[in-house]
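Each chain, written out:
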Amino acid sequence: QVQLVESGGGLVQAGGSLRLSCAASGSIFSIDAMLWYRQAPGKQRELVAAIISGGTTKYADSVKGRFTISRDKDKNTVYLQMNSLKPEDTAVYYCKGPPNTDYASWGQGTQVTVSS
């Protein structure tokens, strides 16, 4: 059974950077596609970044040019590099595999707080 563990969140000032990690534990052959979501209180969960088979990446317009998703298959880890952070980026960030994968489950999330 595969579990996903997010880490790397914290408190950062506007304009700063954070690097989130999504590590897969348990039995897994490899990580390929992965999605990063975020959710703020009272707001809908938002898909912010995705990497799919072949390495193609997609980003929400709100983070395009500031966030970068990448993966290390040997380490079974996916990363989200977040630069030029804004207060509106404050949310709990989750990683999740796409449907029909061994890691299509929610992790605990990691809190990102961006202060003005």
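The coordinates are above.
Residues numbered from 1 in each chain as written. Predicted model: local features only at pLDDT ≥ 70, side-chain atom pairs only at ≥ 80, totals over all residues. Heavy atoms only, no water.

Caption draft 1: Local environment of the overall build of the chain. Per the secondary structure count, the chain includes zero helices and ten strands. Against the compact-globule benchmark of 13 Å for 116 residues, the chain has a radius of gyration of 13 Å, which places it among compact chains. C-alpha atoms of the chain, sized along the principal axes, occupy 40 × 25 × 25 Å. Looking at the 116 residues of the chain, the share that counts as buried comes to 43%. (Helix = DSSP H or I, 4+ residues; strand = E, 2+ residues; numbered from the N terminus. Rg over C-alpha atoms; globule rule 2.2 N^0.38 Å. Buried < 20%, exposed > 50% of the residue type's maximum accessible area, 1.4 Å probe, protein only.)

Caption draft 2: Just the environment of Leu-80, in detail. Within the element layout of this structure, Leu-80 appears in strand β8 (residues 77-82). Under the relative-accessibility criterion, Leu-80 is labelled buried at 0%. Expressed as a C-alpha distance, the spacing of Leu-80 and Trp-36, which sit 44 residues apart in the sequence, is 7.8 Å. If sequence neighbours within four positions are ignored, Leu-80 has contacts with Leu-18, Arg-19, Leu-20, Trp-36, Ala-49, Phe-67, Thr-68, Ile-69 and Tyr-93. (Contact = heavy atoms within 4.5 Å.)

Caption draft 3: Region of interest: the environment of Phe-67. With respect to the helices and strands, the residue Phe-67 is situated in strand β7 (residues 67-72). Taking the C-alpha atoms as reference points, Phe-67 and Val-48, separated by 19 residues in sequence, lie 8.6 Å from one another.

Caption draft 4: How the structure looks around the pairing of β7. Here β7 pairs with β8 via six bridges, running antiparallel. Its bridge partner lying in β8, Ile-69 is registered against Leu-80. Between β7 and β8, which pair antiparallel in sequence order, lie four residues; one of them, Asn-76, sits at a positive phi of approximately 50 degrees. (Pairing = 2+ DSSP bridges.)

Caption draft 5: Molecular detail of the sheet that holds strand β9 (residues 91-96). Strand order in the open sheet formed by six strands is β2-β10-β9-β4-β5-β6, and the pairing between neighbours is mixed. Two strands lie at the open edges of the sheet, namely β2 (10-13) and β6 (57-59), each paired on one side alone. Averaged over all pairs of adjacent strands, the angle between strand axes in this sheet comes to 25 degrees, irrespective of strand direction. As paired elements, strand β5 (residues 46-51) and β6 share three bridges and run antiparallel to each other. (Axes fitted to C-alpha atoms, helices over the stretch in contact; angles between N-to-C directions.)

Caption draft 6: Expanded view of unusual backbone geometry. Its identity as a non-glycine residue notwithstanding, Asn-76 has a phi of 50 degrees, on the positive side. Given the relative accessible area of 15%, Asn-76 is considered buried. Even without glycine at this site, Asn-100 takes up a positive phi of about 70 degrees. Relative to the helices and strands, Asn-100 resides in the loop between β9 and β10 (110-115).

Caption draft 7: Looking closely at the pattern of salt bridges. This structure, assessed with the given rule, holds six salt bridges. A salt bridge links Lys-73 to Asp-32; its shortest N-O distance comes to 3.8 Å. Here Lys-73, found in the loop between β7 and β8, pairs with Asp-32, found in the loop between β3 (18-25) and β4 (34-39); they are 41 residues apart in sequence, far enough to count as distant. By relative accessible area, Lys-73 is classed as partly exposed at 38%. Accessibility expressed as a relative area gives 23% for Asp-32, which makes it partly exposed. (Salt bridge = Lys/Arg side-chain N within 4 Å of Asp/Glu carboxyl O.)

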